[in-house]
Amino acid sequence: MKEMEWFIKAAEPFKGMEITVVSETIPTHEYESKTLTKAFEEITGIKVTHDLIQEGDVIEKLQTQMQSGTNVFDAYINDSDLIGTHFRYGHAIPLSDFMAGEGKDVTLPTLDVEDFIGKSFTTGPDGKLYQLPAQQFANLYWFRYDWFQREDFKKKFKEIYGYDLGVPVNWSAYEDIAEFFSEHVKEIDGKAVYGHMDYGKKAPDLGWRFTDAWLSMAVAGDKGLPNGKPVDEWGIRVDGCRPVGASIERGGATNGPAAKYALRKYMEWLRKYAPPGALGMDFYQSLPSLAKGNVAQQIFWYTAFTAAMVKPGPTVNEDGTPKWRMAPSPHGPYWEEGMKLGYQDAGSWTILKSTPEKRRKAAWLYAQFTVSKTVSLKKTHVGLTPIRESDIWHESFTERSPKLGGLVEFYRSPARVQWTPTGTNVPDYPKLAQLWWQNIGEAVSGEVTVDTAMDNLAREQDRVLQRLQRAGVQGECGPKLNKKDGDAWLKKPGSPKAKLANEKPKGQTVSYDELIKKWAAAKRN
């Protein structure tokens, strides 16, 4: 009641205003758009239009506002992947400055920024908070726990591969399991089954499929959390905070052996082990298809789809418990201890300087309302995209955890810090991200080879960095390219790494039940 009373009082100067905000379309944001806007208007008298569009369109609108200086939306929920863009260009308001300065009168005293589990993702190298997470979801391994428990499958798998069927620790085991279900099991209860699921349509989300840490799982970057330094998972090298190159010849790793291995495996598995039609699907079409119940595992599954996967259907038991589980993603042969293991999306509130002061204050009130402690717990139960430590450890999630397939255990475990968004090495996310889907799409469609696609991508990223360097608009953290040095960087320690003689070591698995016991034993930090 104290929080709501504060909102009523703080909103008085803005009563009767109409503001517009935008986000991508996922269940969490649908709840904000349909339910929380109404509640907020009833409490404050501020009418909010919360538009829902595809992620690529959100970035396009944001880019338009940054380039034109015209106010398109009063606030954006955009990925923390843009942190490198926001802190370099200076178009976004550093929220830490805003909360202490001009926005102090509209900053919730009980906001409790320290309670946000993703605050490190939205903090720039200058130590300032540029964005505030509104939802978070990780990219984990998904599998049919019920099938993996079957004694006949366990016996047959061990006979063929020489080790236990379980959660794959490395890509070799993932590949063996994909082959096992697609080529040896083939069907269950008269229904064709497949060992892998993915998507391959040439569209912007094919780019995120890779920039969302696929190369780091392979592994292209260096050690370090939340992101590898000096080379990150995009393959971009920095010197201090300055990007200095993406290609091998400039010390980057976008076209290194690990990156090329990652693309090769993605294409191979999609063609050999995924259901018919997967090659032509996009992100939005592919993920809900697991609910059909004909796929054994998926290496690259976003927990944002948990809410859809717990609904009654072929993959849920009659008592509401899932037939599937989520677990840590397996890593490729180039991975070493101390590296990130996967991607975590942190869709975060962002306010641009081009938004008039009164409008941004009203929008900031709505943004805080959607993440306030009064609202956050219920919102987390609806969308299952947790942002607060206090929500994750709430007793209601202890009670609900058996029906969420490992989500609660993952977010309570110390392992979660190894799943992080794109870091600060990427100086212009909108410009660089669009290069990925175009080049990777050409390889997937067979227009060019894997080597050519990644060499082209690295070269084009270097060109964008070079243009930013010439423009000189990003200050002391703007790009300054290294001189070309052939493949000399491959002989140095760290990333980029030279090609391994054996890219398929023996498969390694762990028991899911043992893994969960370890997670459950982890104490609250």
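This text goes with the structure placed above it.
Figured I'd write up the structure that's included with this text. Since this is a predicted model, take the numbers as computed values, not measurements.

What to know about the overall build of the chain
Counting its regular elements, the chain contains 21 helices and 13 strands. Taken over C-alpha atoms, the radius of gyration comes to 23 Å for the chain, in line with the 24 Å a tight globule of 525 residues would show. Each of the three principal axes of the chain carries a C-alpha extent, and together these read 70 × 60 × 40 Å. When the 525 residues of the chain are sorted by exposure, 61% land in the buried category. Summarising the internal contacts of the chain: among those between residues at least 6 apart in sequence, 77% fall at separations of at least 24. For the chain, the accessible surface area stands at approximately 20000 Å², while carbon and sulfur atoms represent 51% of it. The averaged location of the 68 negative side-chain charges in the chain is 2 Å from the averaged location of its 68 positive side-chain charges.

Brief notes about the state of the cysteines
A covalent bond between the sulfur atoms of two cysteines is what we call a disulfide. Summed over all chains, the structure comprises one disulfide. Here Cys241 pairs with Cys477 through a disulfide, and the sulfurs are 2.1 Å apart. Taking the torsion about the sulfur-sulfur bond, which here is approximately -85 degrees, the covalent link between Cys241 and Cys477 counts as left-handed. Taken together, the positions of Cys241 in the loop between β8 (237-239) and β9 (242-245) and Cys477 in the loop between α20 (450-471) and β13 (509-510) put the pair 236 residues apart, joining distant regions of the chain. Owing to a relative accessible area of 21%, Cys241 belongs among the partly exposed residues under this scheme.

A short note on the environment of Phe410
Mapped onto the elements, Phe410 comes out in helix α18 (residues 407-412). Sequence separation between Phe410 and Ile392 is 18 residues; the distance between their C-alpha atoms is 9.9 Å. With sequence-adjacent residues up to four places away left out, Phe410 is seen in contact with Ala138, Leu140, Arg416, Trp419 and Trp519.

Observations concerning the pairing of strand β10 (residues 297-302)
Among the six residues in β10, six count as buried, and that is most of the element. Across four bridges, strand β4 (residues 132-143) lies against β10 in antiparallel orientation. Note that in β10 the partner of Phe143 across the bridge is Gln297.

As for the side chain of Arg360
Mapped onto the elements of the fold, Arg360 is located in helix α14 (residues 357-371). Among all residues touching Arg360, those that are not within four sequence positions of it are Ile93, Phe98, Glu102, Ile351, Leu352, Lys353 and Thr355.

Overview of unusual backbone geometry
With the exception of glycine, the majority of residues adopt a negative phi angle, and the majority of peptide bonds are in the trans configuration. A cis geometry characterises the amide bond from Lys229 onward to Pro230, with omega recorded as 5 degrees. Examined against the element boundaries, Pro230 turns out to sit in the loop between α10 (214-218) and β8. Geometrically, the link from Ser495 to Pro496 is a cis peptide bond, its omega value of 0 degrees lying close to zero. Position of Pro496 relative to the elements: it lies in the loop between α20 and β13.

Quick notes on the packing of aromatic side chains
Per the counting criterion, the structure on display carries 42 aromatic pairs. Consider the rings of Phe7 and Phe369, whose centres lie 5.5 Å apart with planes at 85 degrees: the pair is edge-to-face. Of this pair, Phe7 sits in helix α1 (residues 2-10) while Phe369 is found in helix α14, placing the two residues 362 residues apart along the sequence. Each member of the pair, Phe7 as well as Phe369, carries the same accessibility label: buried. Here the basic side chain of Arg150 rests over the ring of Phe153, its NZ or CZ set 4.0 Å away from the ring centre. Lying across the ring of Tyr145, Arg325 places its NZ or CZ 4.2 Å from the centre.

Describing a positive patch on the surface
There is a patch of like positive charges on the surface, built from Arg459, Arg463, Arg467 and Arg470. Here Arg463 lies in helix α20.

Looking at the packing of α14 against helix α15 (residues 373-383)
Relative orientation of the contacting elements α14 and α15 amounts to 55 degrees, with a least axis distance of 5 Å. By the angle between their axes, α14 is oblique relative to α15. Residues Phe369, Thr370 and Val371 of α14 pack against Lys373, Val375, Ser376 and Lys379 of α15. A per-class count over the contact of α14 with α15 returns three nonpolar, two polar and two charged.

Quick look at the packing of helix α2 (residues 27-44) against α14
Closest axis-to-axis distance for the α2/α14 pair is 10 Å, and the angle between their directions is 115 degrees. For the pair α2 and α14, the sense of crossing is right-handed. Across from Glu32, Ser33, Leu36, Thr37, Ala39, Phe40 and Ile43 in α2, the residues of α14 making contact are Ala362, Leu365, Tyr366, Phe369 and Thr370. Here the residues of the contact of α2 with α14 sort into eight nonpolar, three polar and one charged.

A word on α2
Taking 1.5 Å per residue, 18 residues should reach 26 Å; α2 reaches 24 Å between its end C-alpha atoms and fits that length. In the structure, α2 departs most strongly from a straight axis at Leu36, where the bend amounts to approximately 40 degrees. Taken together, the buried positions of α2 are Thr28, His29, Tyr31, Glu32, Ser33, Leu36, Thr37, Phe40 and Thr44. Of the residues flanking the end of α2, it is Gly45, one or two places downstream, whose phi is positive at about 80 degrees.

Some remarks on the nonpolar core
Soluble, globular proteins show a tendency: their nonpolar side chains are buried together. Residues Trp171, Phe181, Trp214, Leu215, Leu263, Tyr266 and Trp301 are the most contacted members of the largest nonpolar core, which totals 117 residues. A per-element tally of this core places helix α11 (residues 257-273) first, with ten residues. When sequence neighbours within four positions are dropped, the list of residues in contact with Phe181 reads Trp147, Phe148, Phe153, Leu165, Lys186, Val193, Tyr194, Gly195 and Ala296. Met4, Ala10, Leu95 and Met99 belong to the second largest nonpolar core, which has 39 residues in total.

So, the pattern of salt bridges
Applying the stated criterion across every chain, the model contains 32 salt bridges. One salt bridge in this structure joins Glu102 and Arg360, with 3.1 Å as the shortest N-O distance. Highlighted residues: Glu102 in the loop between α5 (95-100) and β4 and Arg360 in helix α14, separated in sequence by 258 residues. We classify Glu102 as partly exposed; its relative accessible area is 34%. Note on Arg360: relative accessible area 11%, which makes it buried. Glu233 is paired through a salt bridge with Lys340; the nearest N and O atoms lie 2.9 Å apart. On the criterion of sequence distance, the pair formed by Glu233 in the loop between α10 and β8 and Lys340 in the loop between β11 (325-327) and β12 (344-350) is long-range, its members being 107 residues apart.

Cut-off values and rules
Residues numbered from 1 in each chain as written. Predicted model: local features only at pLDDT ≥ 70, side-chain atom pairs only at ≥ 80, totals over all residues. Heavy atoms only, no water. Helix = DSSP H or I, 4+ residues; strand = E, 2+ residues; numbered from the N terminus. Rg over C-alpha atoms; globule rule 2.2 N^0.38 Å. Buried < 20%, exposed > 50% of the residue type's maximum accessible area, 1.4 Å probe, protein only. Contact = heavy atoms within 4.5 Å. Areas by Shrake-Rupley, 256 points an atom, 1.4 Å probe, with all protein chains shown as cover. Lys, Arg positive; Asp, Glu negative; His and termini not counted. Charge placed at Lys NZ, Arg CZ, Asp CG, Glu CD. Disulfide = S-S within 2.5 Å. Pairing = 2+ DSSP bridges. Phe/Tyr/Trp six-rings, centres within 6.5 Å; stacked < 30°, edge-to-face > 60°. Lys NZ or Arg CZ within 6 Å of the ring centre and 35° of its normal. Patch = residues over 30% accessible without salt bridge, like charges linked within 9 Å, V, L, I, M, F, W, Y side chains within 5 Å. Salt bridge = Lys/Arg side-chain N within 4 Å of Asp/Glu carboxyl O. Axes fitted to C-alpha atoms, helices over the stretch in contact; angles between N-to-C directions. Parallel < 35°, antiparallel > 145°, perpendicular 65-115°, else oblique. Nonpolar A, V, L, I, M, F, W, Y, C, P; charged D, E, K, R; others polar. Left-handed = near helix turned anticlockwise from the far one by under 90°. Expected span 1.5 Å × (residues − 1). Bend = angle between axes of the 7 residues up to and from the residue. Core = buried A, V, L, I, M, F, W, Y, C linked by side-chain atoms within 4.5 Å.

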